[in-house]
Amino acid sequence: MNYWLIKSEPFKYSWDHFVEEGQSMWDGVRNYQARNNMMAMKTGDQALFYHSNEGKEVVGIAKVSKEHYPDPTTDDPRWVVVNFVPVAKLPKAISLKQIKQDPTLQDMALVKHSRLSVAPLKAEEFDHIVALAYET
DNA sequence: GCCAACGTTGGC
DNA sequence: GCCAACGTTGGC
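Just so you know, the residues in each chain are numbered from 1, in the order the chain's sequence is written. Each chain is given a letter, starting from A, and each ligand a number, starting from 1, according to the order in which they appear as written. Local features in this predicted model are restricted to residues of pLDDT 70 or higher, and side-chain atom pairs are both shown and tallied only at a pLDDT of 80 or more, whereas totals for entire chains, interfaces and linings draw on every residue. Remark: hydrogens and water are excluded; side-chain values derive from all non-hydrogen atoms of the structure.

The name recorded for chain A in an unreviewed UniProt entry is Putative RNA-binding protein with PUA-like domain, from Dyadobacter jejuensis.

1. Points about unusual backbone geometry
Its identity is not glycine, yet Asn53 carries a phi of approximately 65 degrees, on the positive side. Despite not being glycine, Lys56 has its phi angle at roughly 50 degrees, a positive value. Secondary structure counts use DSSP, requiring at least four H or I residues in a row for a helix and at least two E residues in a row for a strand, with both numbered from the N terminus. Following the sequence through the fold, Lys56 ends up in the loop between strand S3 (46-51) and strand S4 (57-70). Exposure is judged per residue with a 1.4 Å probe applied to protein chains only, and the accessible area is read against the type maximum: over 50% gives exposed, under 20% gives buried, and values in between give partly exposed. Residue Lys56 is classed as partly exposed on the basis of its relative accessible area, which comes to 40%.

2. Focus: the packing of aromatic side chains
Side-chain rings of Phe, Tyr and Trp, where Trp is taken by its six-membered ring, are said to pair if the distance between their centres is within 6.5 Å; with planes under 30 degrees apart they count as stacked, over 60 as edge-to-face, and otherwise as tilted. Taken as a whole and judged by the stated rule, the model has 9 aromatic pairs. A centroid spacing of 6.3 Å and a plane angle of 50 degrees characterise the contact between Tyr13 and Phe18, whose relative ring orientation is tilted. For the residue pair Tyr13 and Phe18, the accessibility class agrees, reading buried in each case. Arranged with centres 5.6 Å apart and planes meeting at 85 degrees, the rings of Trp26 and Phe49 form a pair that is edge-to-face. With Trp26 in strand S2 (residues 24-26) and Phe49 in strand S3, this residue pair connects regions lying 23 residues apart in the sequence. Each member of the pair, Trp26 as well as Phe49, is classed as buried. Aromatic ring contacts, followed pair by pair, group Tyr13, Trp15, Phe18, Trp26, Phe49 and Phe84 into a single cluster.

3. Considerations on the UniProt feature "domain: EVE" (unreviewed entry) in chain A
UniProt positions are given in the numbering used here, feature names are shortened, and annotations may be inferred rather than shown by experiment. Listed under "domain: EVE" (unreviewed entry) in the UniProt record, and renumbered for this structure, are residues 2-131. Its end C-alpha atoms 17 Å apart, residues 2-131 is made of 26% helix and 38% strand.

4. Observations regarding the sheet that holds strand S6 (residues 118-121)
Two strands are counted as paired when DSSP detects at least two bridges linking them. The 6 strands are arranged S2-S5-S4-S3-S1-S6 in an open sheet whose pairing can be described as mixed. Of all strands in the sheet, those with a lone pairing partner are S2 and S6, marking the two edges. The mean angle between the axes of side-by-side strands here comes to 40 degrees, regardless of whether they run parallel or antiparallel. Relative to strand S5 (residues 80-95), S4 runs antiparallel, the two sharing 10 bridges. Axes here mean lines fitted to C-alpha atoms, for a helix over just the part in contact, with angles spanning 0 to 180 degrees between N-to-C directions.

Okay, here's the thing in structure tokens:
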């Protein structure tokens with residue numbers, strides 16, 4: 001199983017909206033690195049859902065419900081989408097600030113390549129962030 | 001195939 | 001709202 005981090009501007013597509021819909025087609029990715037990451041996703045892989053710009057925090061856990069297929073929102077055959085379903089909302093959102101201050105999370109793409117919208121996560125990083133969120 | 005111009009993202 | 005970082009485009 002692999003772990004990922006997916007970013008969305010809450011203004012465009014928030015976690016709450018995601019939960020409301022119960023499923024999301026992750027479209028609009030127009031970046032090769034991000035696309036390659038999406039193509040590597042397998043059904044059941046877990047992803048942290050991050051709010052960029054507004055909030056700047058990890059708010060929930062999502063899971064891949066459908067592996068990549070051609071992006072129906074464009075005729076351009078280069079782009080793909082994947083589907084996600086919500087797994088759990090984190091009891092406590094983990095802010096970018098907190099991530100940056102955590103020595104074990106310094107290698108995250110979120111820290112190093114802040115513009116990458118779909119990034120791989122190590123299992124340790126995923127577990128660490130989830131553990132932080134469930135701490136009291 | 002290089003590189004300048006341009007557009008976009010996202011933190012601050 | 002600004003700007004740095006970075007990706008993409010297009011002329012040569």
